[in-house]
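# Survey of secondary and tertiary structure
Chain residues, written in single-letter form:
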Amino acid sequence: MKKPDSVYYFATCLVDLMYPDAGLAGMELLRREGVRVLFPQDQTCCGQPAFNSGYRDDALAVARAQLACFERDIPVVVPSGSCGGMIRTHWPELFAGQPDEAKALAIAARTYELTEFLVDVLDIRLDDLGEPVRIAIHTSCSARREMGVADRIESLVGQLGNVEVLTQERKPECCGFGGTFAVKQADISGAMVKDKTDALRATGASVVISQDCGCLMNIGGAFEKQGNGPQTQHVAEFLWERTKR
Amino acid sequence: MSTTSSSTSQDQSRAFHARIDDALHNDQMRTNFRRALTGIMAHRAKQFPDDAQLQALRDQARAVRANSLVRQPELLEQLERKLTENGIQVHWAENPQQANSIIRGILQAAGAKTVVKGKSMVSEETELNHDLEQHGIEVIESDLGEYIIQLAEEPPSHIVAPAIHKNRRDVAELFKRFHPEIPYTEDINELTNSAREILRHRFATADAGISGVNFAVAETGTLCLVENEGNGRLSTTAPRIHIAITGIEKVVEKLADVPPLLEILTKSATGQPITTYFNMISRPRQPGELDGPEAVHLVLLDNGRSRIRVDAELLDTLRCIRCGACINHCPVYVQLGGHAYGTVYPGPIGLALEPQRIGLDKVGTLTSACTMCGACGEVCPVRIPLPKLINRLRAEAVDGHPGQAGLPGHGSLRKSTEATTWKLWRLLYSRPGLYRLFAASATRLRALTPSKLGGWTRYRSTPKPAPRSLRELAKKEGFGND
Ligand code: SF4
């Protein structure tokens, strides 16, 4: 795909309310590459929470409300592996047989996870202006398995000269977030995030970055509760802070 | 929704959470699982150094299994015909009770009092051991893992490694208790040898042998049995009667289908290029032959499989070749171990299969024990889309359209409080104006965010909305609407 003039930005509900700085950083990165970034003000949520809980009618109603926001034939960039995965993989399932199926399919086909878009489409070049730092990368399960884009975050960070990446034990293992899983199976989720935070802390990294704010809310929240551990940051914010002039 | 189903659904949820609680507090067991599974995953990975080859083999295995399922009715007829020609007697069982009574009948007619058994998960489905023992027939499990849990009077915690929850000290203790004549040791090889000695005597004296089946080949009427200890071979050849039991979905079309399945099964299950033993059983002892059973029986169990097969999506569940890879890679299973699930099949395949087999009203809550991380689907040798199936079952369990045909217990886990919560969520997130108002107040009133959010804050700090939502920041920073 050649570099587009404009893209839509689908921020996701979690980024909108909890991690707006991460969302904004993603938009700044895109804008710096000469892409016009459109933020449709009527966007809300991809429908994933209800879909994963089995409430498909409700998921469909919310997903449907997004269709009008992304009508033009330009890429939709999402700063989240799991919401990107929801749109690309599960919207076709969710909208199957619905009158607006074609619209949903069209959007799904031009949806990209942010790091995927930066690497594959924009072929972004990064110049590290930050202090030396040692980090660990948590690859979100959706980015890894649903979208197959887990390596994009690695290749972006690989361009930063002052960043050393440390690898935690059992890196591909889920952090235990899983959306409503963290509430419905709170104790299993707690045991999982304990293992994940232990592994991350043991690397000695001072920052943990990820493509997904769900994972970050889980991992970061656990570090905070435990009272020690690396800082957590969305990859977009990490990249933007280290490369903005 | 009837009151009975709602109380059943509450009961199953409460019981499941109690088992989860027990499991999470059993540190020793969790350590055992973590250690064992880390090892198995590494072994498996070593067998597949070339990803392209692995993916091609998965495609092939998937196609073989999918084709067998499509043609299942005719293949089963052919299988029965061929087996009968070969002198193997075929029995059909719709449910566990029928299967058990068929097997019991065969044993009683032959005056059999003792049985040695090879590993069979289908016999766990029917609780065969219990049934036989109730009727005065002694059953000895001959697979080492099965033997250990039989001594401990526990169900298997894993479909391939039934005693995986035990470490060597647990096993040594069991042997000390049940075989005081053997000197105490924690050495795995010595323990294995002792078990061999004990079991060898049993093989020689048992009246009948019972085994499972990995693949039943329709073309030739051959029963294939994959194993490592030689106990399968002895159970199926030493006693005068051999009874095999399996699910009807295990049929495959032809012998040529077996090699790709066998290769991906052993590599995925235990990380072995091939198991130590691979048995192909095609007939009883013939006149003039010196060994082998005089009679061979095959019991084909349905137990819900035909019902699953007619659903175009759920059908995929039946491709399973019971390798256990999904279980080994499940980040929830490694925390809980197998017993917490409370079903015959634990882990991802259990989440997908058991509610279909037993009913959503009975075990549908299992589907909550999944983060949708996708690790299972990524390793499944026959590409069963496990997360998709689990998601589908979640939807069926809470579906509010009772008129729709579906699985047993369809809609039984729908709770009005939860349904209402999602209705409110839907209202808020499908009306941009309303949502904007909500976002504006949530950010401005962030100080009022409740500091305790159920189970979430037991392990994490409270998430707080940012001072301004992204939609406000985007506007301010000049990112246009369109
Ligand atoms: S579902 Fe797939 S991975 Fe799991 S046991 Fe069956 S074949 Fe193996």
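The rules behind each value
Residues numbered from 1 in each chain as written. Chains lettered and ligands numbered in written order. Predicted model: local features only at pLDDT ≥ 70, side-chain atom pairs only at ≥ 80, totals over all residues. Heavy atoms only, no water. Helix = DSSP H or I, 4+ residues; strand = E, 2+ residues; numbered from the N terminus. Rg over C-alpha atoms; globule rule 2.2 N^0.38 Å. Areas by Shrake-Rupley, 256 points an atom, 1.4 Å probe, with all protein chains shown as cover. Lys, Arg positive; Asp, Glu negative; His and termini not counted. Charge placed at Lys NZ, Arg CZ, Asp CG, Glu CD. Domains from an automatic or database assignment. Buried area = accessible area lost by both parts, 1.4 Å probe. Salt bridge = Lys/Arg side-chain N within 4 Å of Asp/Glu carboxyl O. Core = buried A, V, L, I, M, F, W, Y, C linked by side-chain atoms within 4.5 Å. Buried < 20%, exposed > 50% of the residue type's maximum accessible area, 1.4 Å probe, protein only. Contact = heavy atoms within 4.5 Å. 1 Å grid on protein atoms, 1.4 Å probe; cavity = no way out; pocket = protein on both sides within 12 Å on 5 of 7 lines; lining within 4 Å. Points joined across faces, edges and corners; volume = space filled by probe spheres on them. Nonpolar A, V, L, I, M, F, W, Y, C, P; charged D, E, K, R; others polar. Polar contact = N/O pair within 3.5 Å; in protein donor to acceptor, adjacent residues only side chain to side chain. Near = heavy atom within 4 Å. Sits in = over half its atoms within 2 Å of the grid points. Pairing = 2+ DSSP bridges. Axes fitted to C-alpha atoms, helices over the stretch in contact; angles between N-to-C directions. Patch = residues over 30% accessible without salt bridge, like charges linked within 9 Å, V, L, I, M, F, W, Y side chains within 5 Å. Disulfide = S-S within 2.5 Å.

### Remarks on the overall build of chain A
When you go through chain A residue by residue, the secondary structure sums to 13 helices and 8 strands. For chain A, whose C-alpha radius of gyration is 18 Å, the value lies close to the compact-globule estimate of 18 Å for 245 residues. Counting only carbon and sulfur atoms, one obtains 48% of the accessible surface of chain A, whose full area is about 8300 Å². Within chain A, one finds 26 positive and 33 negative side-chain charges whose respective centroids are separated by 2 Å.

### Let's talk about the domain arrangement of chain B
Residues and elements named next belong to chain B. In terms of domains, chain B is made up of domain 1 (3–43 + 307–397), domain 2 (82–303) and domain 3 (430–476). Between the C-alpha centres of domain 1 and domain 2 the distance comes to 24 Å. Summing both sides of the interface, domain 1 and domain 2 together bury roughly 2300 Å²; the carbon and sulfur share of this comes to 62%. The largest share of the area that domain 1 buries against domain 2 comes from I321, R322 and H339, three residues that together contribute 24% of it. Across the domain 1-domain 2 interface, the total number found is 2 salt bridges. Salt-bridge contacts for E249 lead to R322; the nearest nitrogen and oxygen are separated by 3.5 Å.

### Considering the nonpolar core
Within the largest apolar cluster, 131 residues are counted, with the highest numbers of intra-cluster contacts made by W91, L94 and I188 of chain A together with L107, F215, V332 and L336 of chain B. Ignoring any residue separated from it by four or fewer positions in sequence, one finds V332 of chain B in contact with F181, I188 and M192 of chain A together with Y341 and A369 of chain B. Membership of the second largest hydrophobic core comes to 41 residues, among which are L30, V35, F117 and V207 of chain A.

### Observations concerning empty space enclosed by the protein
Residues and elements named next belong to chain B. This structure, assessed with the given rule, holds 4 cavities of 30 Å³ or more. Looking at the largest cavity, its volume works out to about 110 Å³. Lining the largest cavity are 16 residues, with C330, P331, P348, C370 and C376 sitting closest to its centre. Among the secondary structure elements, those contributing two or more residues to the lining of the largest cavity are helix 16 (347–358) and helix 18 (375–379). It is helix 16 that contributes the most residues to the lining of the largest cavity, 3 residues altogether. Within the lining of the largest cavity, the residues separate by chemical class into 13 nonpolar, 3 polar and no charged. Counted as a void, the second largest cavity has a volume near 80 Å³. Around the second largest cavity, the lining residues are C320, I321, R322, C323, G324, C326, I349, C380, P381, V382, I384 and L386. In terms of residue class, the lining of the second largest cavity is built from 10 nonpolar, 1 polar and 1 charged.

### Remarks on the interface of chain B and chain A
With 67 residues of chain B at the interface, the matching set in chain A holds 71 residues. Of the roughly 6000 Å² buried between chain B and chain A on both sides combined, carbon and sulfur atoms contribute 58%. Among the residues of chain B in contact with chain A, W422, L470 and F479 of chain B are the three that bury the most area, contributing 13% of the side total. Joining chain B to chain A, the criterion identifies 9 salt bridges. Put simply, chain B and chain A have 36 residue pairs in polar contact (both at pLDDT 80 or more) between them. Counting residues per element, the side of chain B that touches chain A draws most heavily on helix 20 (residues 416–430) of chain B, which supplies 8 residues. The class makeup of the residues in the side of chain B that touches chain A is 31 nonpolar, 16 polar and 20 charged.

### Structural notes on the site of the ligand
Residues and elements named next belong to chain B. Lining the immediate environment of the ligand, one finds C320, I321, R322, C323, G324, C326, I349, C380, P381, V382, I384 and L386. Mapping the ligand onto the cavity grids shows that it belongs to the second largest cavity. Residues of the shell around the ligand, tallied by class, amount to 10 nonpolar, 1 polar and 1 charged.

### Some points on the sheet that holds strand 2 (residues 36–38) of chain A
Residue and element names in this part refer to chain A. Judged by pairing direction, the sheet is parallel, and its 4 strands sit side by side in the order 2-1-3-4 without closing on themselves. Every interior strand has two partners, whereas the edge strands, strand 2 and strand 4 (111–113), have only one. Averaged over all neighbouring strand pairs, the angle between strand axes comes to 35 degrees, with direction disregarded. Sheet topology note: the strand 3 (residues 76–78)/strand 4 ladder contains 3 bridges and is parallel. The residue of strand 4 that forms the bridge with V76 is T111. Running over the sheet, helix 2 (residues 20–32) touches strand 1 (6–9), strand 2 and strand 3 and is turned about 175 degrees from strand 1. Along the sheet, helix 7 (residues 114–121) makes contact with strand 1, strand 3 and strand 4, crossing strand 4 at roughly 100 degrees.

### Focus on a nonpolar patch on the surface
Residue and element names in this part refer to chain B. Where nonpolar side chains cluster on the molecular surface, the patch consists of L424, L427, L434 and L437 and spans about 370 Å² of accessible area. Within the residue set of the nonpolar patch, elements represented by two or more residues are helix 20 and helix 21 (432–444). Among the structural elements, L427 can be located in helix 20. A residue is classified by how much of its surface remains accessible, and L427, at 36% relative accessible area, is partly exposed.

### A look at the state of the cysteines
This model, assessed by the stated rule, comprises 0 disulfides over all chains. Of all cysteine sulfurs, the one in C215 of chain A lies closest to C175 of chain A, which takes part in no disulfide; the gap is 4.3 Å. The thiol of C373 of chain B is not disulfide-bonded; the next cysteine sulfur, from C141 of chain A, is found 4.7 Å away.

### Here we look at the environment of V334 of chain B
By the element assignment, V334 of chain B lies in helix 15 (residues 333–336). Given a relative accessible area of 6%, V334 of chain B falls into the buried group. A C-alpha to C-alpha distance of 5.8 Å links V334 of chain B and F33 of chain B, two positions 301 residues apart in sequence. Ignoring anything within four residues of it in the chain, the contact list for V334 of chain B reads E173 of chain A together with R30, F33, R34 and L37 of chain B.

### What to know about the sheet that holds strand 2 (residues 114–117) of chain B
Residue and element names in this part refer to chain B. Within the open sheet, the 6 strands sit side by side as 1-10-7-4-2-3. Their pairing is parallel. The sheet is open, and its two borders are formed by strand 1 (88–93) and strand 3 (138–141), each paired with just one other strand. Along the sheet, successive strands turn relative to each other by an average axial angle of 20 degrees, direction set aside. Where helix 4 (residues 72–86) meets the sheet, it contacts strand 1 and strand 10 (295–301), and its direction lies at approximately 145 degrees from that of strand 1. Contacts between helix 10 (residues 188–205) and the sheet are confined to strand 2 and strand 3, with strand 3 contributing the most and set at about 135 degrees to the helix.

### Notes on the environment of Q108 of chain B
All names here are of chain B. Of note, Q108 is situated in helix 5 (residues 96–109). Q108 sits in the partly exposed class, given a relative accessible area of 43%. When the C-alpha positions of Q108 and G342 are compared, they lie 31 Å apart, and in sequence the two are 234 residues distant. The contacts of Q108, once residues within four sequence positions are left out, are H135 and I137.

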